[in-house]
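# Topology and contacts: notes
Here are the chains, one letter per residue:
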Amino acid sequence: MYFIFEENGPESTFETYNIKHSSVPLPFPMAHGTTTLAFMFQGGVMAAADTRSSCSGLVACPASQKILPIHSHLVGLTSGTSADCALWKRILARELRLYQLRHGRRLSTSGAAKLLSHMLHPFKGTELCVAATLCGWDGGETGPGNSTNAKVSLAKDERSPYAYSILDQGVHWGLTVDEAKSIAREAVYRATYRDAYSGNCVDMYHITSKGWTRRNREDLKEEYYREKERRKHEKTERRDVAFSD
């Protein structure tokens, strides 16, 4: 594969040519954009997202808030148009509060996802752009061993294929909070490392029976340097083993 740069007056274009594989389609399209993820474990729900907002090929905001608290035990991971996501988060929060006042209890996480899905359905085919993953804790103060309490429900979802490998090999029910935090951070880092439309920092929320807790925002470049140190250490160990043999 090689690149040809053609200059046409004030505008320039890149043309990419692939001699051997020009007619071979990709097995599946590699998505790009916002990276959001959430998973359940014995300690509750861990949700994470990057903080980069893009506008076409430009970085519009490096420190946007993509995890939006809805009430004390429910957060929404959003992607799409920032203004649309903020508006529908407020609408959903209002409807859930009215439901709680009428019935004396909170609507379940799956019920909230279904409500949001039904509210968004009339706008299908329009320019409205909202993708949301709702993460919450249902039930009372029972322990996290009851898997019916922690919920991750999708109203509309946008997933990053780059984060799958980390989540598939690392997520299991018996994770500790620190292990879950580390896996979520690494999964977002792997996605942002390969996708220019994601990046900057990572936000993480931990949802338990006591409500959600926001973890400190971390710069993903720190994860890059940690990974670089790990690789350097592994390379040194392999070299030492080779010399000892």
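Presented here is an overview of the structure given in this document. (Residues numbered from 1 in each chain as written. Predicted model: local features only at pLDDT ≥ 70, side-chain atom pairs only at ≥ 80, totals over all residues. Heavy atoms only, no water.)

## Regarding helix H1 (residues 82–103)
An α-helical turn contains 3.6 residues, so a residue and the one three or four places further along point in the same direction. Between its first and last C-alpha, H1 extends 32 Å over 22 residues, near the 32 Å set by a 1.5 Å rise per residue. All of the buried residues along H1 are Asp 84, Cys 85, Trp 88, Ile 91, Leu 92, Ala 93, Leu 96 and Tyr 99. Looking at the residues trailing H1, positive phi occurs at Gly 104, about 75°. (Helix = DSSP H or I, 4+ residues; strand = E, 2+ residues; numbered from the N terminus. Expected span 1.5 Å × (residues − 1). Buried < 20%, exposed > 50% of the residue type's maximum accessible area, 1.4 Å probe, protein only.)

## Brief notes about the packing of aromatic side chains
Following the criterion strictly, the structure yields six aromatic pairs and no others. With 6.2 Å between their ring centres and 55° between their planes, Phe 39 and Phe 41 make a pair best called tilted. Exposure class is identical for Phe 39 and Phe 41. Each is buried. (Phe/Tyr/Trp six-rings, centres within 6.5 Å; stacked < 30°, edge-to-face > 60°.)

## Quick word on the pattern of salt bridges
Summed over the entire model, instances satisfying the criterion amount to 14 salt bridges. Three or more residues are tied together by salt bridges with common partners; here these are Lys 181, Arg 185, Glu 186, Arg 190, Glu 218, Glu 223, Arg 226, Glu 227, Arg 230 and Arg 231. (Salt bridge = Lys/Arg side-chain N within 4 Å of Asp/Glu carboxyl O.)

## Digging into the pairing of strand E11 (residues 201–208)
By the criterion of burial, E11 is predominantly enclosed, with eight of the eight residues buried. Covered by surrounding structure in E11 are Cys 201, Asp 203, Tyr 205 and Ile 207 together with Val 202, Met 204, His 206 and Thr 208, the residues of both alternating faces. As paired strands, strand E4 (residues 44–50) and E11 are joined by six bridges and run antiparallel to one another. Considered in E11, the bridge of Met 46 is made with His 206. Relative to strand E13 (residues 218–219), E11 runs antiparallel, the two being bridged by two bridges. Note that in E13 the partner of Val 202 across the bridge is Glu 218. Between E11 and strand E12 (residues 211–214), which pair antiparallel in sequence order, lie two residues. (Pairing = 2+ DSSP bridges.)

## Points about the nonpolar core
Counting 18 residues, the largest nonpolar core has Leu 37, Phe 39, Ala 48 and Ala 184 as the members making the most contacts within it. Taken together, the elements giving at least two residues each to this core come down to strand E3 (36–41), E4, helix H3 (164–170), helix H4 (177–194) and E11. The greatest single-element share of this core, amounting to six residues, is contributed by H4. Excluding residues that lie within four positions of it along the chain, Ala 48 makes contacts with Thr 35, Thr 36, Leu 37, Ile 67, Leu 77, Ala 184, Val 188, Val 202, Asp 203 and Met 204. (Core = buried A, V, L, I, M, F, W, Y, C linked by side-chain atoms within 4.5 Å. Contact = heavy atoms within 4.5 Å.)

## Some details on unusual backbone geometry
The residue Asn 200 is not glycine, and still its phi comes out positive at about 70°. If you trace the backbone, Asn 200 turns up in the loop between H4 and E11.

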